[in-house]
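Descriptive analysis of the structure
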Amino acid sequence: MDLSKLNPPQREAVIHGGGPLLVLAGAGSGKTRVITYRIAYLLRGGIPPHGIAALTFTNKAAEEMRERVGKLVGDRKTAAKLTVGTFHSLGLQIIRREYKALGIPSGFTIYDAADQLGTVRELLRTVHVTDRRFDVKAILTRISLAKNRFVRPGEYRPAEVDEYDEITAEIYPRYQEALRAYAALDFDDLITETVRLFEENAEVRERWQRRFRHVLVDEYQDTNRAQLMLVKHLCGDHGNLCVVGDDDQSIYSWRGADPANILSFERVFPGAKVVKLEQNYRSTPTILNAANAVIANNENRHGKTLWSNRPDGDLLAHVVATDSEHEAKFVTREIGQLTRGGRWSYRDTAILYRSNVQSRILEEELRTACIPYVMYGGQQFFERKEVKDLIAYLRLALNSRDEIALRRIINYPARGIGATTLERISARAQAETTTMWNVLERIDEAMSKQIRPGTRQAIGAFVALMQKVRQGLEAGQSGAAVARVLVEDIELYADLHSAAGSHSAAQRRIDNIESLFSSLERQHERSPGLSALAQYLRQLSLVNDGDDTPDPGDKIVLTTLHGAKGLEFPVVFMVGMEEELLPHARTLAPQVTDVFDPDHASDVSEERRLAYVGMTRAQDKLYLTRSALRRIRGRTTERTPSRFLLEVPKHFTVQRDATAEAHELVPTDELSALFKSIAAQLSDD
DNA sequence: GTTGCGTTTATTTTT
DNA sequence: TAAACGCAAC
């Protein structure tokens, strides 16, 4: 480790002795470098790796951090002993060891968004809300926000005239009861239940406080109240807490992140040292000053001014198009010219937008121009549905109380057990205060009158199938082996083929299942046994996209502004710089489903931060594009330039007219690209 | 239990 | 515009 590679404030943060430390790290100022160096420095100072916890929000950030620390200390074994992970994985780790004190069964399940949605839908049905259809997600958002502020189920009080608060007040207690009955924890519970455990059980709390002698938190501006509490408890009285973040990049308050955490750090942790990292190593001064000018319009900041000692660089391009097609064509054409110049390749370029719908027209134009691209984010959820279905079988085998898993698979593939049957079984289970699985097991004696013999036979077959799965696991077979037999038994591949539109779509799904098998095999070799499998399945639900991140290759990146946080590109296009897109219309005129929160009423400052995050992704070239007309929801509307665009001082930009440039002569190699794309389209059919 | 049609409603997303 | 959802008909 070479401390001379750090600038003075970076070094100051790294060698800070003990006690609370707030590192205000501007965009591109080397915050990950500070955290990794600090961990290495603590290790060198004699703190055992076992006693250090570094917390992040995403698995990706955690992996990157562990890797960089490993390189820095040059000792893989030491790096492996560190606790580097997401808040949720730390919560899971603690709960897994302390489940007894929490009164949860050891085979507990983790509920993801889909499971939560299913639970609330089910509850809405039992509460008989038929007069009005509710947005289930809006209810879950409220439950989640309440949980993270430690509002107990019975304490939830509706606002004066908010029907969503009223239905939430009704659903929230039932939801929490349901989860306990299913032996399930949702993502929020991983944090809040850990906090509750620490608050109610001094012995447990002190044990963990003794263990972690230093705690480090990345992206501190994204923490919510529950995460703050968790951190506070972990640090206990030593207060060796180092947080790194940027209040100007807080863009997740809509999902509960509380910027007050970073703004009032010094009040919450008295005697805190504050270090500002203001030297930016990423962008040209022109880009940086433009971004600074925009963010300066926000109030309530810690206030930093980023500077860069690079050469000034190009002016920003303020591009005006007559319609969104011209805008997309401009971007495409410009990318063609930049890459043809030889200085930049596709992978150096990103197109950023506020909302996913904006990607469509860009994709169309990029495709016709034969420019390769990758889209970050988006909805990959249903692509892995088949994997989740299969996992639900294992989940149910390990936790028969998991009603959502049961409901998910009892008629998948279709075996003639429909909604009415399920309703009756559910009602019986409720009446007997037992689980649905318990009723299923004795269906013939319990419900011979209410359920037809044919259906009961189907249920019997399902129960037998599940018992076979469970017995296989109990006999010590691997999850993979059991799942393979199961897939044969239920003829899943045949079902996938008939359900999928094309052969290749079915094959993709089958490939997904096959990779689940090999993943399960590997885990069985690592640690066989029922509880290890249960733990593996829980861990799996905390990992979003499996284990393989494919090499992006030389492609343009398309992503939302949110998705761009933490990334950097030599060339950045921010498209749709218009009012009602950025800032988004929803911010300017909130809807009934939006949470009314007087503490941080949805204001444009978060949208401005979003603009700031986008601009500060750019290293060398930044294009801000907008259109005079745009088709929105089938209606062509006149557009107003984004206020943030107008906040960029004129002397940092050069205006360009996309439509006029589109009529200029098309260079010959661009024509050849056009021919290529036509040929490609013809051969596609 | 599935399919199809009309109605409705349009952010951001990780764990 | 377009996709997601609910309800009614098969």
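Structure: above.
Described in the following lines is the structure provided in the data block. What you are looking at is a predicted structure, and each value in this text was computed from that prediction instead of being measured.

With that settled, the discussion passes to the pairing of strand β9 (residues 316-321). The element β9 is extensively covered by neighbouring structure, given that six of its six residues are classed as buried. Alignment of β9 against strand β17 (residues 653-657), held across five bridges, turns out to be parallel. Within β17, the residue paired with valine 320 across the bridge is aspartate 657. With five bridges connecting them, β9 and strand β14 (residues 618-627) associate as parallel partners. Pairing of valine 320 across the sheet is with arginine 626, part of β14.

This paragraph deals with the packing of aromatic side chains. Under the criterion given, the structure shown has ten aromatic pairs. Plain terms: the ring middles of tyrosine 156 and tyrosine 172 are 6.2 Å apart, the flat faces sit at 85° to each other, and that makes the pair edge-to-face. In this pair, tyrosine 156 is assigned in the loop between α7 (136-148) and α8 (163-181) and tyrosine 172 in helix α8, connecting sequence segments 16 residues apart. The exposure class assigned to tyrosine 156 is buried, which follows from its relative accessible area of 10%. What makes tyrosine 172 buried here is its relative accessible area of 3%. Between tyrosine 220 and phenylalanine 265 the ring centres are 5.7 Å apart and the planes differ by 85°, which places this aromatic pair in the edge-to-face class. A residue pair is termed long-range when its members are at least 10 positions apart, and tyrosine 220 in the loop between β6 (214-217) and α11 (225-235) and phenylalanine 265 in helix α13 (residues 265-268) qualify at 45 residues.

Below, the discussion takes up the sheet that holds strand β10 (residues 349-353). Strand order in the open sheet made by the seven strands is β11-β12-β10-β13-β14-β9-β17, with parallel pairing throughout. Across the chains shown, the open sheet's two edge strands, defined by having one partner strand only, are β11 (373-375) and β17. The sheet shows a mean angle of 20° between the axes of neighbouring strands, direction not considered. Running at roughly 155° to β14, helix α15 (residues 324-340) makes contact with β9, β10, β12 (556-560), β13 (569-574), β14 and β17 of the sheet. Strands in contact with helix α29 (residues 604-615) are β9, β10, β13 and β14; relative to β13, the strand with the most contacts, it is inclined by about 140°.

With that settled, the discussion passes to the protein's contact with DNA strand B. The full set close to DNA strand B counts 27 residues, and Asn59, Arg354, Asn356, Gly418 and Thr560 are the nearest of them. Contact distances for DNA strand B include 3.3 Å between a base oxygen and a side-chain N or O atom of tryptophan 254. The contact in question runs from a phosphate oxygen of DNA strand B to an N or O atom on the backbone of asparagine 356, over 2.9 Å. By residue class, the composition of the surface near DNA strand B is eight nonpolar, 13 polar and six charged.

Here we come to the protein's contact with DNA strand C. Around DNA strand C, the neighbouring residues are Arg133, Arg360, Arg631, Arg633 and Gly634. For the surface near DNA strand C, a count of residues per class yields no nonpolar, one polar and four charged.

Moving on, we come to the sheet that holds strand β2 (residues 52-56). With respect to topology, six strands assemble into an open sheet ordered β3-β2-β6-β7-β1-β8, the strand pairing being parallel. Edge strands, defined here as strands with exactly one partner in the open sheet, are β3 (83-86) and β8 (273-277). Across the sheet, the axes of successive neighbouring strands diverge by a mean angle of 15°, strand direction being ignored. Sheet analysis places β2 next to β3, joined by four bridges and oriented parallel. Bridge assignment links leucine 55 to a residue of β3, and that residue is glycine 85. Contacts from helix α3 (residues 59-73) reach β2 and β3 within the one sheet, and its direction differs from that of β3 by about 160°.

Between its first and last C-alpha, α29 extends 17 Å over twelve residues, near the 16 Å set by a 1.5 Å rise per residue. α29 sits mainly inside the fold: eleven of its twelve residues count as buried. Turning to α29, its buried residues number three or more, namely Ser605, Glu606, Glu607, Arg608, Arg609, Leu610, Ala611, Tyr612, Val613, Gly614 and Met615.

The end-to-end C-alpha distance of helix α5 (residues 87-102) is 18 Å, clearly below the 22 Å that 16 residues give at a rise of 1.5 Å each. If you check which residues of α5 are buried, you get Phe87, Ser89, Leu90, Gly91, Leu92, Gln93, Ile94, Ile95, Glu98 and Leu102.

What follows deals with the side chain of threonine 284. Mapped onto the secondary structure, threonine 284 falls in the loop between β8 and α14 (285-295). Those residues in contact with threonine 284 that lie beyond four places of it in its chain are Ser308, Arg310, Pro311, Asp312, Gly313, Gln619 and Asp620.

With that settled, the discussion passes to the side chain of arginine 407. By the secondary structure assignment, arginine 407 is in helix α18 (residues 403-409). Apart from residues lying up to four places away in sequence, arginine 407 is in contact with Glu122, Leu422, Ser426 and Met436.

What follows is about the environment of threonine 435. Relative to the elements of secondary structure, threonine 435 occurs in the loop between α19 (419-431) and α20 (436-441). Counting along the chain gives 179 residues from threonine 435 to glycine 256, while the straight-line C-alpha distance between them is 33 Å. Residue contacts for threonine 435: discarding those within four places in its chain leaves Arg401 and Ala429.

This part covers the pairing of β2. Counting buried residues along β2, five of its five residues qualify, which places the element largely inside the surrounding structure. Burial along β2 is two-sided: the residues Ile52, Ala54 and Thr56 and Ala53 and Leu55 are all buried. As judged from the four bridges shared by β2 and β6, these two strands associate in the parallel manner. Of the residues in β6, the one forming a bridge with alanine 54 is leucine 216.

What follows covers the environment of cysteine 235. Note that cysteine 235 resides in helix α11. A residue is classified by how much of its surface remains accessible, and cysteine 235, at 2% relative accessible area, is buried. On a C-alpha basis, the gap between cysteine 235 and glutamine 591 in space is 40 Å, while along the polypeptide they are 356 residues apart. For cysteine 235, the residues in contact, after removing those within four places along its chain, are Val215, Asn240 and Leu241.

To continue, consider unusual backbone geometry. Here the bond from tyrosine 412 into proline 413 is cis, since omega is -5°, no more than 30 degrees from zero. Its place among the elements puts proline 413 in the loop between α18 and α19. Here leucine 582 and proline 583 are connected by a cis peptide whose omega angle stands at 0°. Following the sequence through the fold, proline 583 ends up in the loop between β13 and α28 (585-588). Its identity as a non-glycine residue notwithstanding, glutamate 219 has a phi of 50°, on the positive side.

Where α7 meets helix α9 (residues 187-200), the closest approach of the two axes is 10 Å, and the angle between their N-to-C directions is 15°. Overall, the two elements α7 and α9 adopt an arrangement that is roughly parallel. Along this stretch, α7 crosses α9, giving a crossing that reads as left-handed. Across from Ser144, Lys147 and Asn148 in α7, the residues of α9 making contact are Asp188, Asp189 and Thr192. Taken together, the residues that form the contact of α7 with α9 break down as no nonpolar, three polar and three charged.

Another aspect to go through is the pattern of salt bridges. Enumeration according to the criterion identifies 48 salt bridges in this entry. Among the salt bridges present, the one from lysine 147 reaches aspartate 186, with a minimum N-O distance of 2.6 Å. Of this pair, lysine 147 sits in helix α7 while aspartate 186 sits in strand β5 (residues 184-186); the two residues are 39 residues apart in sequence, bridging distant segments of the chain. Assigned by exposure class, lysine 147 and aspartate 186 land together as buried.

Scoring rules and cut-offs
- Residues numbered from 1 in each chain as written.
- Chains lettered and ligands numbered in written order.
- Predicted model: local features only at pLDDT ≥ 70, side-chain atom pairs only at ≥ 80, totals over all residues.
- Heavy atoms only, no water.
- Buried < 20%, exposed > 50% of the residue type's maximum accessible area, 1.4 Å probe, protein only.
- Helix = DSSP H or I, 4+ residues; strand = E, 2+ residues; numbered from the N terminus.
- Pairing = 2+ DSSP bridges.
- Phe/Tyr/Trp six-rings, centres within 6.5 Å; stacked < 30°, edge-to-face > 60°.
- Axes fitted to C-alpha atoms, helices over the stretch in contact; angles between N-to-C directions.
- Contact = heavy atoms within 4.5 Å.
- Near = heavy atom within 4 Å.
- Polar contact = N/O pair within 3.5 Å; in protein donor to acceptor, adjacent residues only side chain to side chain.
- Nonpolar A, V, L, I, M, F, W, Y, C, P; charged D, E, K, R; others polar.
- Expected span 1.5 Å × (residues − 1).
- Parallel < 35°, antiparallel > 145°, perpendicular 65-115°, else oblique.
- Left-handed = near helix turned anticlockwise from the far one by under 90°.
- Salt bridge = Lys/Arg side-chain N within 4 Å of Asp/Glu carboxyl O.

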